Amino acid sequence: MEMENNNSEQAVRKAGLSRTTNETDITLSFAVDGSGVSELETDVPFLNHMLDLFTKHGQFDLSVQARGDIDIDDHHTVEDIGICLGQALREALGDKKGIKRYASVFVPMDEALAQVVIDISNRPHFEYRATYPSQQVGSFSTELVHEFLWKFALEARITLHVIVHYGSNTHHMIEAVFKALGRALDEATQVDPRVKGVPSTKGVL
């Protein structure tokens with residue numbers, strides 16, 4: 001984790017990493033304490049759009065350069081970006097001292113309503129309740145939303161519950177999820193001056 005002073009008592013929490021396999025080549029940097037700035041260059045345009053929303057609504061800074069075997073499909077690229085983002089979040093948060101830890105956020109997007117509940121628990125768990133009207137948004141397969149979120153939660157070692165309560169437009173429903181994810185993660189990672197150490201009776205997270 002890289003810690004930098006930004007003229008305040010709180011240090012900037014950020015991390016960067018690279019991941020190269022036979023299927024993908026990814027470089028990613030993530031700042032928890034950002035300003036909503038994203039620099040996204042991937043082969044999956046719909047994921048770019050969702051990550052931009054996530055970053056803006058969470059007030060993070062996110063840079064992703066990713067190339068993958070999209071001639072097969074988008075699966076490996078989406079999955080590996082989720083892995084890298086989760087690892088970067090976990091590293092950036094460090095010992096998690098002072099964080100709020102929990103958050104629950106509802107976000108509407110026109111007719112759609114999504115809810116994201118987070119516990120930065122060091123216990124990876126993912127629950128997903130979403131049924132979409134269509135299996136594709138453009139060329140993007142909706143099943144990859146699950147893949148991205150699950151790998152993100154696993155590598156970040158967080159408990160993540162995602163519920164799409166209703167909606168009739170698949171794009172709107174997924175957009176609401178990513179906006180809610182950004183806002184919930186922003187809230188859960190905020191430092192509460194009342195919290196001494198970590199918010200757990202165990203003494204560690």
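Figured I'd write up the structure that's included with this text. It should be emphasised that the depicted structure is a prediction, and the values quoted were computed from it without experimental measurement. (Residues numbered from 1 in each chain as written. Predicted model: local features only at pLDDT ≥ 70, side-chain atom pairs only at ≥ 80, totals over all residues. Heavy atoms only, no water.)

### Side note on unusual backbone geometry
- Phi at Arg-101 is positive, roughly 80 degrees, even though this residue is not glycine.
- Its place among the elements puts Arg-101 in the loop between α2 (75-93) and β6 (102-109). (Helix = DSSP H or I, 4+ residues; strand = E, 2+ residues; numbered from the N terminus.)

### Some remarks on the nonpolar core
- The biggest cluster of nonpolar side chains holds 64 residues, and the ones touching the most others in it are Leu-28, Phe-30, Leu-85, Ile-118, Phe-148, Leu-149 and Leu-160.
- For this core, the leading source of residues is helix α4 (residues 170-189), giving ten residues. (Core = buried A, V, L, I, M, F, W, Y, C linked by side-chain atoms within 4.5 Å. Buried < 20%, exposed > 50% of the residue type's maximum accessible area, 1.4 Å probe, protein only.)

### A word on the packing of aromatic side chains
- The final tally for this structure, using the stated rule, is eight aromatic pairs.
- Note on Phe-54 and Phe-60: the rings are 5.1 Å apart at their centroids and 40 degrees apart in plane angle, and the pair reads as tilted.
- The exposure class of Phe-54 is buried, given its relative accessible area of 1%.
- Every member of this aromatic cluster is reached through a ring pair, and the members are Phe-30, Phe-54 and Phe-60. (Phe/Tyr/Trp six-rings, centres within 6.5 Å; stacked < 30°, edge-to-face > 60°.)

### Focus: the environment of Thr-189
- You can see Thr-189 is positioned in helix α4.
- Residue classification places Thr-189 among the buried residues on the basis of a relative accessible area of 1%.
- With 121 residues separating them along the chain, Thr-189 and Gly-68 place their C-alpha atoms 31 Å apart.
- Apart from residues no more than four positions distant in its own chain, Thr-189 is found in contact with Arg-13, Val-32, Leu-93, Ile-99 and Ile-120.
- Looking at Thr-189, its side chain comes within polar contact range of the main-chain oxygen of Asp-186, at 3.2 Å. (Contact = heavy atoms within 4.5 Å. Polar contact = N/O pair within 3.5 Å; in protein donor to acceptor, adjacent residues only side chain to side chain.)

### Some details on the packing of helix α3 (residues 143-156) against α4
- Put simply, α3 and α4 touch, their axes get as near as 12 Å, and they point 15 degrees apart. Classed by the angle they form, the pair α3 and α4 counts as roughly parallel. In this structure, α3 crosses over α4, and the sense of that crossing is left-handed. Here Val-145, Phe-148, Leu-149 and Phe-152 of α3 lie close against α4, whose contacting residues are Ile-174, Val-177, Phe-178, Leu-181 and Leu-185.
- In terms of residue class, the contact of α3 with α4 is made up of nine nonpolar, no polar and no charged. (Axes fitted to C-alpha atoms, helices over the stretch in contact; angles between N-to-C directions. Parallel < 35°, antiparallel > 145°, perpendicular 65-115°, else oblique. Left-handed = near helix turned anticlockwise from the far one by under 90°. Nonpolar A, V, L, I, M, F, W, Y, C, P; charged D, E, K, R; others polar.)

### Some words on the pairing of strand β11 (residues 159-166)
- Where strand β7 (residues 112-119) meets β11, seven bridges bridge the pair, whose relative direction is antiparallel. Across the sheet, Leu-113 pairs through a bridge with Tyr-166, a residue of β11. (Pairing = 2+ DSSP bridges.)

### Here's the deal with the sheet that holds β11
- Sheet architecture is open: four strands sit in the order β6-β7-β11-β8, paired in mixed fashion. Two strands close off the open sheet at either side, each with one partner strand: β6 and β8 (125-129). Strand-to-strand, the axes of this sheet are offset by a mean angle of 10 degrees, without reference to chain direction.
- Contacting β8 and β11, α3 crosses the sheet at an angle of about 155 degrees to β8.

Read these as geometric descriptors, not functional statements.
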